[in-house]
Amino acid sequence: MRYILLLRGINVGGKNKVVMSELKALLEGLNFQNVHSYINSGNLFFSSMDTLDTCICKIKDLLERHYDFSIPFALLTKEEYLKEKENLPEWWNEELARRDVLFFSHQLDKSSILEFLNKVNFHNEIVHIGNHAVFWGKFDEAEYLKTTYHKQLLKQNFYKMITIRNGNTFEKIAQILETEK
């Protein structure tokens, strides 16, 4: 099975430093194969015969043992990731000022983010709720500071349990997965 591991909050502004080559070696030590990364912000690909739940347990244990800071993460199979892309609404491919994907970490109770999304008023933005992530589009850069995304998202308790990729990174990861054998 092919997996994509998405780490939250590493190598940002010199904080929570994780050297990708070291992490790749640690993942290989878990008997994960064909481990590689895309950019230095915690996007790793690997293959394993282990189930998703077993991989989650192994990765959680590895991160807790080797890093002295919390690293929430999302882990999806190649099929799950590509299904998310396949099920996107038309607006995702239209011209937007910003596109972001908020992946649910393995330990997040999704109900908290769904409750938030159901009660807020959006300002010049649009949202699609997938199985493993929320896809968030912003229509106008000049209006960005007025958006729910900017004004309210960071204040939510669940914010520290999601890992965000911009639309271009999401698309590049999908392209990598689509072209892998």
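Residues numbered from 1 in each chain as written. Predicted model: local features only at pLDDT ≥ 70, side-chain atom pairs only at ≥ 80, totals over all residues. Heavy atoms only, no water.

**A closer look at the domain arrangement of the protein chain**
In step 1: Entries for the protein chain in the domain assignment read domain 1 (2–80) and domain 2 (82–179).
In step 2: The straight-line distance from the C-alpha centre of domain 1 to that of domain 2 is 21 Å.
In step 3: Between domain 1 and domain 2, the residue contacts involve 21 residues of the former and 20 residues of the latter.
In step 4: Its largest share of buried area at the contact with domain 2, domain 1 owes to Arg8, Tyr38 and Lys78, together 31% of the area lost on that side.
In step 5: Where domain 1 touches domain 2, the interface holds 0 salt bridges. (Domains from an automatic or database assignment. Contact = heavy atoms within 4.5 Å. Buried area = accessible area lost by both parts, 1.4 Å probe. Salt bridge = Lys/Arg side-chain N within 4 Å of Asp/Glu carboxyl O.)

**Quick look at the side chain of Ser48**
In step 1: Mapped onto the secondary structure, Ser48 falls in the loop between β3 (43–47) and α2 (52–66).
In step 2: By relative accessible area, Ser48 is classed as buried at 3%.
In step 3: Ignoring anything within four residues of it in the chain, the contact list for Ser48 reads Met1, Tyr3, Phe32, Gln33 and Cys55. (Helix = DSSP H or I, 4+ residues; strand = E, 2+ residues; numbered from the N terminus. Buried < 20%, exposed > 50% of the residue type's maximum accessible area, 1.4 Å probe, protein only.)

**Describing the sheet that holds strand β2 (residues 33–38)**
In step 1: Strands sit in the order β2-β3-β1-β4 across an open sheet of 4 strands; the sheet is antiparallel. If you trace the sheet from one side to the other, it starts and ends with β2 and β4 (73–77), each paired once. The sheet shows a mean angle of 20° between the axes of neighbouring strands, direction not considered.
In step 2: Two elements, strand β1 (residues 2–7) and β4, share 5 bridges in a ladder whose sense is antiparallel. Residue pairing for β4: Tyr3 is matched across the bridge by Thr77.
In step 3: The strands touched by helix α1 (residues 20–28) are β1, β2 and β3; relative to β2, the strand with the most contacts, the crossing angle is about 155°. (Pairing = 2+ DSSP bridges. Axes fitted to C-alpha atoms, helices over the stretch in contact; angles between N-to-C directions.)

**Points about the sheet that holds strand β8 (residues 162–166)**
In step 1: Taken together, the 4 strands give an open sheet; going across it, the order is β6-β7-β5-β8, and neighbouring strands pair in antiparallel fashion. If you trace the sheet from one side to the other, it starts and ends with β6 (125–129) and β8, each paired once. Mean inter-strand twist for the sheet, computed between neighbouring axes without regard to direction, equals 20°.
In step 2: Strand direction decides the pairing type here: strand β5 (residues 98–104) and β8, joined by 5 bridges, are antiparallel. Looking at β8, one finds that Leu102 is bridged to Ile164.

**Some words on the layout of surface pockets**
In step 1: Of the voids in this model, the largest pocket is the one considered here, and its volume is about 300 Å³.
In step 2: Among the elements that take part in the lining of the largest pocket, β8 stands out by supplying 5 residues, more than any other.
In step 3: Its residues assigned to classes, the lining of the largest pocket shows 6 nonpolar, 5 polar and 2 charged.
In step 4: Looking at which domains feed residues into the lining of the largest pocket, each of domain 1 (2–80) and domain 2 (82–179) supplies at least three.
In step 5: Estimated volume of the second largest pocket: approximately 170 Å³.
In step 6: Every residue lining the second largest pocket is listed: Leu52, Ile56, Leu75, Leu76, Glu80, Phe104, Ser105, His106, Leu108, Lys110, Asn131 and His132.
In step 7: Its residues placed into classes, the lining of the second largest pocket shows 6 nonpolar, 4 polar and 2 charged.
In step 8: Two domains share the lining of the second largest pocket, each providing at least three of its residues, namely domain 1 (2–80) and domain 2 (82–179). (1 Å grid on protein atoms, 1.4 Å probe; cavity = no way out; pocket = protein on both sides within 12 Å on 5 of 7 lines; lining within 4 Å. Points joined across faces, edges and corners; volume = space filled by probe spheres on them. Nonpolar A, V, L, I, M, F, W, Y, C, P; charged D, E, K, R; others polar.)

**Some points on the environment of Met20**
In step 1: Relative to the elements of secondary structure, Met20 occurs in helix α1.
In step 2: We classify Met20 as buried; its relative accessible area is 7%.
In step 3: A sequence separation of 17 residues divides Met20 from Ser37, and the C-alpha atoms of the two residues are 7.2 Å apart.
In step 4: Among all residues touching Met20, those that are not within four sequence positions of it are Ile10, Asn11, Ser37, Ile39, Asn40, Gly42 and Leu44.

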